[in-house]
Amino acid sequence: MKRVFLLLMIAASVAVLGLSSVFMIREFSKVINLSGMGDMWSFLALSEVSPYAEFTEVDERDFPAPPIPAEGDLLVEVDGLPSTQSNYFSVFNVHTPAGEEIDIKFLHDGEVRMTSVVTRSIPLTIQLQVWILVILRTLIIAGLIIVGLWGLVKRPWSASVRALTLFCYSLALGMNISSPAIADAYAEFQLPLSFFTVLNALQFFYPAFWLKLQMLFPSRKGWYDRHALFINILIFAPAIIFGGSMFLWHRNLNLEIAILWTVQLILGFLLLTWNYRKAETFVERRQTRLVLLGSAPGVVLILAFNWLLLITGIRYYTISFITRMVITNVIFFFMLLIPVSLAYAFGRYKLLSVEARLKRGTRFLAVSLLLLLVFIGILYLFGNLVLRHLDVESRTPTLILGLMLAFVFMPAQRKLHGKLERRFYPERVRLRELLQNFLASNIVRTESSSFWKELEKKLAEGLAAESIYPVLRMTGREGFAVEMEEPAPFDIGDQIVRSLETTAYPILFDELMASGRIVLSKEQEEWFLRRHSAILLPLSTNSGLVGFLVISSKTNGEDFTPEELEMLSSFSAQTALVAENFELLNERLVKQRLEEQLRVARDIQKGLLPGEIPCRPGLEVEALIRFCLEVAGDYYDVIPLDGNRTVLSIGDVAGKGVGSAMLMANLQASLRTTQAMGVTLSEACRQINRIVYENTPTEMFISLFMVMIDVDRREMVYVNAGHNPPMLVNRDGETRLLTRGGVLLGVSEDTEYEEAVLSLSDEDLILMYTDGVCEAMDDSEEEFGESRLVGIVVENRRKPLAELLQLIQKEVESHHGSDRYEDDFTLLAARLSCREAGGVLEKET
């Protein structure tokens, strides 16, 4: 019996594929022919029985001169022939060129009138809608057939898969003949009436197969097995009876068929909802929820539209053609979700990710349509009320307003989406901000264990996750370890690792096991189960897979939501960057660059530094920079301002190579531009941060320190954006670190920076430096350190600045044991001179 079923399913597959292929080739030929011919684009309700055809829609551009028919008038003759359907298409056919004049007669208020029609090429709006409809129909049919075939190949003996395949096939056949956009006369070849009879008969059963599918999906129901024969009779007998009455005795049972389909589809959705509520596992719940979300919109729209036509008595062909096409295309767009949701639901893989995309797309579409309606309303009011009231006939003001609205559409969409999210999903916004702030404040952290513990705490707070396990790739080896300490049973060649490396989206462990797509070893499976693993979050950067984060199940026993999964995915890159930074800091990895890249980047970097430090009255300034073997991103600048003020800046761009050098060039240009405009230091930081955030990858950021020294007022204003704290040393050797400001530039989009104002005294010394100074190591990997640098500066604070900087360089090289640095080495110092009185320096006593 199973072999018989299989042979029948194979035969059905071949038949559906063949019938659909023939039909779609014919549909495309109709569109192609229509695009190249001339026709009348006023629409008629043609009939082969009646010699009169009613004008359902009139386009005045078809008629070069009056009289012009009105909607409801009857076409009597076309080119001297009665206006039957066959005569009409004998005149207007695929061989009719654009620009041909054809005489017609029409009946208006009982009076026969004569006029002529000039054929035109298909209008762009109609052509666009027709192509969209044909393409959407093709995608839906192809998707349904592929899903049906895929299920049959994967699980040929499964009753639920057979029901899925038959539902997909019957719906695909129904999609072939539903809502035809173009008359059959324009096709390249004609099909016999029996062809359409077969399609009509087979598509009758898709609601019945839908209802049966819900009795077998996601798991077979015991009550169905006990009464299978009786239930199948109840499901399929009405369709057989009604279909037979229509095709054999030509009875009009449209209302009865509509009621039957509605009842069966609604019962199917009710049963699907019941399956969702009674699901025993998270995977089954996700399966049913995905099918519900993917199939409900399209089916509900079809039922609602058909019942609207039945109840109101409106004939389908009396609706405006463009309106008809738009409605059909919207319905077809949502119908396209059915094969997508079924494929993933039966595959039991990436269920939450697909659900998240469906929801995100629906929200995007809803917000876009809402804004579009508002903008159309504004244009209508402006064009029909304001301009008419002012007696303005030109369309230019309306066009200008339309362009202005088009420019603000995307910003308004983002803003409205954000407001709706904050209004309806406050917990999601809170979780995003929680993780964003945490990662932004820890982007340059050097101690890994505390970072992972704090991240676990944040996830427990925001997601109720039990615990997390960072599984990171071991340096120089192909294996992985938890926090680089406890070995984990994974290798770079394992299937699970390769899968994580090629995806940017989290993998749910229960879906991984249920789908069977990835084979785990017994040791790997037990490792995941011991940790109650729920989510595997890949941590990837531009250099490849750094590792992955194993997130345990929720403490409250609930499933993760699609929104939570999307949020974790959006933060995986930043978390990967932190993990990679730990690896770089621990192992002191030095990346190699091509020789040409080094030369170009070094030239860029050197060209940006001041060739000569400007002389500033009352202020002594000196700088020293030494470059490492590779191009890094150290930067300093001295910007003279009016009023005896001077801005000093020092920064370090993350990374090496041309990218960091170019980013440094942008930093210098931005800083000089903001200072030329008189912008405050804090505002300059905020603007530069936004530019860096919007125009660089997530792994690129900048540390920056800026200070403006006012010699006349003996005052300094500074901002520290995540840079090594400079030191302020007075004449007595008292030292103060300058830390006030904010986080690194480019980490978070909307970051505020705080200025600090300090009074200065004569001979106050400010020393700024980059991390290449303090992080220079000796043979035992001991860093030069900040405390050692402070001691040197305090002890030699009265020496000339140039001599002081040379001394610091000498001490660092002595500690490092070489003058070849692993990172750029930059020092920038400024000292306030004593006040002058009558040309003589005054010193305080």
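Up top you'll find the structure we're talking about.
The present account deals with the structure reproduced in this document. Numbering of residues starts from 1 in each chain and follows the order in which that chain's sequence is written. Given that this is a predicted model, residues contribute local features only at a pLDDT of at least 70 and side-chain atom pairs are listed and counted only at 80 or more, while totals for whole chains, interfaces and linings are drawn from all residues. Processing note: side-chain calculations cover all non-hydrogen atoms of the structure and skip hydrogens and water entirely.

## Description of a nonpolar patch on the surface
Only residues above 30% relative accessible area that lack a salt bridge enter a patch, with like-charged residues linked at up to 9 Å and the nonpolar side chains Val, Leu, Ile, Met, Phe, Trp and Tyr linked at up to 5 Å. Working definition of accessibility: Shrake-Rupley area with a 1.4 Å probe, residue cover restricted to the visible protein chains. By definition here, a salt bridge exists when the distance from a side-chain nitrogen of Lys or Arg to a carboxyl oxygen of Asp or Glu is within 4 Å. A surface patch of nonpolar side chains, about 730 Å² in accessible area, is lined by Leu-255, Ile-259, Val-263, Ile-266, Leu-267, Leu-270, Leu-310 and Ile-311. Numbered from the N terminus, helices here are DSSP runs of H or I no shorter than four residues, and strands are runs of E no shorter than two. Those elements giving two or more residues to the nonpolar patch turn out to be α9 (254-277) and α10 (282-312). Top element by residues in the nonpolar patch is α9. It accounts for six residues. In this fold, Ile-266 is placed in helix α9. The classification of residues rests on relative accessible area computed with a 1.4 Å probe and restricted to protein chains. Under 20% of the type maximum is buried, over 50% is exposed, and intermediate values are partly exposed. The exposure class of Ile-266 is partly exposed, given its relative accessible area of 42%.

## Overview of the packing of aromatic side chains
To pair, rings of Phe, Tyr and Trp, with the six-membered ring standing in for Trp, must have centres within 6.5 Å; the planes then decide the type, stacked if under 30 degrees apart, edge-to-face if over 60, and tilted in the middle. Counting across every chain of the model gives 20 aromatic pairs. Centroid distance Phe-89 to Tyr-186: 5.4 Å. Interplanar angle 90°. Geometry classified as edge-to-face. You can see Phe-89 sitting in helix α2 (residues 85-91) and its partner Tyr-186 sitting in the loop between α4 (159-177) and α5 (193-203), a full 97 residues away along the chain. With 5.5 Å between their ring centres and 65° between their planes, Tyr-206 and Trp-261 make a pair best called edge-to-face. Of this pair, Tyr-206 sits in helix α6 (residues 206-216) while Trp-261 sits in helix α9, and the two are 55 residues apart along the sequence. Pairwise contacts between aromatic rings join Phe-167, Phe-204, Tyr-206, Trp-210, Trp-261 and Phe-269 into one cluster.

## Regarding the packing of α4 against α6
Angles here are taken between N-to-C directions and fall from 0 to 180 degrees, while the axes themselves are lines fitted to C-alpha atoms, restricted in helices to the stretch in contact. It is the contact of α4 with α6, at a shortest axis distance of 9 Å, that shows an interaxial angle of 155°. The pairing of α4 with α6 is recorded here as roughly antiparallel in orientation. α6 is crossed by α4, and the crossing has left-handed handedness. Counted together, Ala-159, Ser-160, Ala-163, Leu-164, Leu-166, Phe-167, Ser-170 and Leu-171 of α4 and Tyr-206, Phe-209, Trp-210, Leu-213 and Leu-216 of α6 form the full contact between these two elements. Note that Gly is not counted as nonpolar here; it falls among the polar residues with everything else outside the nonpolar set of Ala, Val, Leu, Ile, Met, Phe, Trp, Tyr, Cys and Pro and the charged set of Asp, Glu, Lys and Arg. In terms of residue class, the contact of α4 with α6 is made up of eleven nonpolar, two polar and no charged. Roughly parallel covers angles under 35 degrees, roughly antiparallel covers those over 145, roughly perpendicular covers 65 to 115, and oblique covers all other angles. Should the near helix be turned anticlockwise from the far one by less than a right angle, the crossing is left-handed, and should it be turned clockwise, the crossing is right-handed. Pairs of residues are marked as contacts when any of their non-hydrogen atoms sit within 4.5 Å.

## Describing helix α19 (residues 522-530)
Turning to α19, its buried residues number three or more, namely Gln-524, Trp-527 and Phe-528. The buried residues of α19 all sit within an arc of 95° when viewed along its axis, so they share a single face. Exposed and facing more than 90 degrees away from the buried side of α19 are Lys-522, Glu-523 and Arg-530. Two residues or fewer after α19 comes His-532, characterised by a positive phi angle close to 50°. Our arc is simply the arc of the directions from the helix axis toward the C-beta atoms.

## Points about the environment of Phe-92
Counting through the fold element by element, Phe-92 comes out in the loop between α2 and β5 (101-108). Setting aside anything within four residues of it in sequence, one finds Phe-92 in contact with Met-37, Asp-39, Met-40, Val-78, Ile-102, Thr-119 and Tyr-186.

## Re the environment of Ala-534
If you trace the backbone, Ala-534 turns up in strand β11 (residues 533-541). Sequence spacing of Ala-534 and Lys-554 is 20 residues, and the spatial spacing of their C-alpha atoms is 8.3 Å. When residues no more than four places from it in sequence are discounted, the contact partners of Ala-534 are Ile-507, Leu-508, Phe-509, Ile-551, Ser-552, Ser-553 and Phe-560.

## Details of the sheet that holds strand β18 (residues 727-729)
Pairing between two strands is assigned when DSSP locates at least 2 bridges connecting them. The strand order across the open sheet formed by five strands is β13-β23-β22-β18-β19, and the pairing between neighbours is antiparallel. Each edge of the sheet is formed by a strand with only one pairing partner; in this case those strands are β13 (619-626) and β19 (735-737). Sheet twist, expressed as the average angle between the axes of neighbouring strands with direction ignored, equals 15°. Set on the sheet, helix α26 (residues 801-816) makes contact with β13, β22 (765-769) and β23 (825-832); between it and β13 the angle comes to about 25°.

## Examining unusual backbone geometry
Residue Pro-67 is reached from Pro-66 by a cis peptide bond, and omega for that bond is 0°. Mapped onto the elements, Pro-67 comes out in the loop between β2 (53-57) and β3 (74-78). Across the junction of Phe-217 and Pro-218, the peptide omega takes the value 0°, indicating a cis bond. Take Pro-218: it is sitting in the loop between α6 and α7 (222-226). Here the phi dihedral of Asn-644 falls at roughly 55°; this positive angle occurs in a residue that is not glycine. Here Asn-644 lies in the loop between β14 (634-641) and β15 (645-653).

## Some points on the side chain of Ser-160
For Ser-160, the location among the structural elements is in helix α4. A distance of 2.9 Å separates a polar atom in the side chain of Ser-160 from a polar atom in the side chain of Ser-158. Excluding anything up to four places from it in sequence, Ser-160 contacts Leu-213, Leu-216 and Phe-346. The term polar contact refers here to a pair of N or O atoms within 3.5 Å; inside protein, the definition further demands a hydrogen-donor-capable atom paired with an acceptor-capable atom, and it admits residues adjacent in sequence only when both atoms are side-chain atoms.

## Brief notes about the nonpolar core
If you look at the biggest cluster of nonpolar residues, it comprises 95 residues, and the most contacted ones within it are Phe-167 and Leu-342. It is α4 that contributes the most residues to this core, twelve residues altogether. Aside from chain neighbours lying at most four places away, what touches Leu-342 is Val-147, Leu-164, Phe-167, Cys-168 and Val-291. In this text, buried Ala, Val, Leu, Ile, Met, Phe, Trp, Tyr and Cys residues form a nonpolar core when linked through side-chain atoms within 4.5 Å. Leu-472, Tyr-505, Ile-551 and Ala-579 belong to the second-largest nonpolar core, a separate cluster that totals 29 residues.

## Overview of the pairing of β23
Of all the eight residues making up β23, eight are buried; the element is thus mostly covered by neighbouring parts of the structure. Strand direction decides the pairing type here: β13 and β23, joined by eight bridges, are antiparallel. Directly across from Glu-622, in β23, lies its bridge partner Ala-829. When β22 meets β23, the two strands line up antiparallel, connected through five bridges. Bridge assignment links Leu-765 to a residue of β23, and that residue is Arg-831.

## Comments concerning the pairing of β2
Across the five residues that make up β2, a large majority, four, are buried. Pairing of strand β1 (residues 43-45) with β2 involves three bridges; the strand directions are antiparallel. Its bridge partner lying in β2, Leu-44 is registered against Phe-55. Pairing of β2 with β3 involves two bridges; the strand directions are antiparallel. Its bridge partner being in β3, Ala-53 is matched across the sheet by Leu-75.

## Quick notes on the pattern of salt bridges
Applying the stated criterion across every chain, the model contains 23 salt bridges. One salt bridge connects Arg-120 with Asp-59, and the closest N-O pair in it is separated by 3.1 Å. Of the two residues, Arg-120 sits in the loop between β6 (111-118) and α3 (124-154) while Asp-59 sits in the loop between β2 and β3, which places them 61 residues apart along the sequence. Assigned by exposure class, Arg-120 and Asp-59 land together as buried. Note that Lys-554 and Glu-564 form a salt bridge whose closest N and O atoms lie 2.9 Å from each other.

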